[in-house]
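What follows is the residue order along each chain.
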Amino acid sequence: QVQLVESGGGLVQAGGPLRLSCTASARTFSSYNMAWFRQATGKEREIVAGTGGSINYADAVKGRFTSSRDSGKNILYLKVNSLKPEDKTDYYCAAGPWLSYTETRPIGYTYWGQGTQVTVSS
């Protein structure tokens with residue numbers, strides 16, 4: 001059983017930076033693929049960044065979002081540069097079976113955090 005806890009969300013001004021954290025309860029990075037998803041109200045959950053061979057990013061966030069990790073602390077990060085109003089939504093951390101490619105479907109992940117809300121002011 002893996003527990004994931006996101007933090008770092010809140011109110012951020014458009015154009016500003018943000019860093020989200022996902023703390024895992026166990027050593028997950030060597031055994032699981034990790035990913036960040038986001039889901040706006042009324043929309044499907046979509047992948048933002050995921051591991052699997054290499055780190056891959058959704059087209060909408062390429063160049064602005066960076067996923068990294070601190071294996072010693074079991075923390076996954078999502079750093080955002082230049083937030084846009086459309087980035088306003090709930091962000092989730094997920095862990096799934098290790099694969100050599102990035103699984104983009106939510107169904108491919110076993111463990112989920114509770115989510116952290118990001119609000120962007122213009």
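So, here's what we can say about the structure. Nothing here was measured: the structure is a model prediction, and the numbers come from that model. (Residues numbered from 1 in each chain as written. Predicted model: local features only at pLDDT ≥ 70, side-chain atom pairs only at ≥ 80, totals over all residues. Heavy atoms only, no water.)

Taken in spatial order, the four strands make up an open sheet running β1-β3-β8-β7, and their pairing is antiparallel. The open sheet terminates on both sides in strands that have one partner only, identified here as β1 (4-7) and β7 (65-70). With strand direction ignored, the average angle separating the axes of adjacent strands in the sheet is 20°. By the bridge criterion, six bridges tie strand β3 (residues 18-24) to strand β8 (residues 75-80) in an arrangement that is antiparallel. Directly across from L20, in β8, lies its bridge partner L78. (Pairing = 2+ DSSP bridges. Helix = DSSP H or I, 4+ residues; strand = E, 2+ residues; numbered from the N terminus. Axes fitted to C-alpha atoms, helices over the stretch in contact; angles between N-to-C directions.)

Let us now look at the pairing of β1. The alternating pattern of β1 places L4 and E6 on a buried face and V5 and S7 on a face that is not buried. Here four bridges tie β1 to β3, and the two strands are oriented antiparallel to one another. Among the inter-strand pairings, S7 is bridged to a residue of β3, identified as S21. (Buried < 20%, exposed > 50% of the residue type's maximum accessible area, 1.4 Å probe, protein only.)

Within the fold, A35 resides in strand β4 (residues 32-39). Remark: the alpha-carbon pair of A35 and D70, spanning 35 residues in sequence, is separated by 14 Å. Apart from the residues within four sequence positions on either side, A35 is in contact with I47, A49, G50, L76, Y92, C93, A94 and Y109. (Contact = heavy atoms within 4.5 Å.)

Moving on, we come to unusual backbone geometry. One non-glycine residue, N74, lies in positive phi territory at about 55°. Along the polypeptide, N74 turns up in the loop between β7 and β8. Of the residues examined, N74 reaches a relative accessible area of 13% and is grouped as buried. A positive phi is found at S82, a non-glycine position, where the angle reads about 55°.

Let us now look at the state of the cysteines. Taken as a whole and assessed by the stated rule, the structure comprises one disulfide. Between the sulfur atoms of C22 and its disulfide mate C93 the distance is 2.1 Å. Negative torsions about the S-S bond denote left-handed disulfides, and the value of about -70° found for C22 with C93 makes this one left-handed. Note that C22 is positioned in strand β3 and C93 in strand β9 (residues 89-97), a separation of 71 residues in sequence. (Disulfide = S-S within 2.5 Å.)

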